[in-house]
Amino acid sequence: MFTKKKEQCLHCKTILNDKEATGAVCTHCKPKEAEIYQKEICSMSALEGEFSRLWTQCQRCQGSLHEDVICTK
Ligand SMILES: [Zn+2]
């Protein structure tokens, strides 16, 4: 069985139809696409920033570069 992953609108999480699925947002959100992308990128880089901060801190407190991040703060 071939099951196609349902694409969701990046912004409002509406299931995209076949035509809309070529993009990342639904037709309703299309006019705001650039703005939405900007926000997504911002939140992703914020997460990455947080992770690398933890990572650096963890390497320091474990004294090892080869362990998983175990610190949560
Ligand atoms: Zn949408």
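Reading guide: rules and limits
- Throughout this description, residue numbers start from 1 for each chain and increase along the sequence as written.
- Note on the predicted model: pLDDT of at least 70 is required for a residue's local features to be given, and 80 or more for side-chain atom pairs to be given and counted; whole-chain, interface and lining totals, by contrast, use all residues.
- Hydrogens and waters are ignored; side-chain quantities use all the structure's heavy atoms.
- Counting from the N terminus, the helices are the DSSP runs of H or I reaching at least four residues and the strands are the DSSP runs of E reaching at least two.
- For this analysis, a salt bridge means a side-chain nitrogen from Lys or Arg found within 4 Å of a carboxyl oxygen belonging to Asp or Glu.
- A 1.4 Å probe rolled over the protein chains alone gives each residue an accessible area, and that area as a share of the maximum for its type sets the label: buried under 20%, exposed over 50%, partly exposed in between.
- Candidate patch residues must exceed 30% relative accessible area and have no salt bridge, after which like charges are joined if within 9 Å and Val, Leu, Ile, Met, Phe, Trp or Tyr side chains if within 5 Å.
- Using a 1.4 Å probe, accessible areas were evaluated by the Shrake-Rupley method; residue-level cover was limited to the displayed protein chains.
- Each metal's donors are the N, O and S atoms found within 2.8 Å of it, except that Na, K and Ca use a 3.2 Å limit; water is left out, so coordination can look incomplete.

Caption draft 1: Here's a closer look at unusual backbone geometry. Residue Lys 13 is not a glycine yet carries a positive backbone phi of 65°. Here Lys 13 shows up in the segment before helix H1 (33-62).

Caption draft 2: Highlighting the pattern of salt bridges. Enumeration according to the criterion identifies 3 salt bridges in this entry. Across the pair Lys 39 and Glu 35 runs a salt bridge whose closest N-O atoms are separated by 3.8 Å. Remark: Glu 35 and Lys 39 occur in helix H1; sequence separation between them is 4 residues, near one turn of the helix. Overall, the relative accessible area of 46% leaves Glu 35 in the partly exposed class. Among the ionic pairs, Arg 53 bridges to Glu 50, the shortest N-O distance being 3.2 Å. Residue Arg 53 and its partner Glu 50 are located together in helix H1, separated by 3 residues, close to a single helical turn.

Caption draft 3: Summary view of a nonpolar patch on the surface. Together, Tyr 37, Ile 41 and Met 44 make up an exposed nonpolar region whose accessible area comes to about 290 Å². One can find Met 44 in helix H1.

Caption draft 4: Highlighting the coordination of the zinc ion. In this structure, Cys 9 (SG), Cys 12 (SG), Cys 26 (SG) and Cys 29 (SG) serve as the protein donors to the zinc ion, at separations of 2.3 Å. Spacing between the donor residues of the zinc ion along the chain follows C-x2-C-x13-C-x2-C. Highlighted residues: Cys 12 in the segment before H1 and Cys 26 in the segment before H1, separated in sequence by 14 residues. In this structure Cys 12 comes out as partly exposed when scored by relative accessible area, which is 36%.

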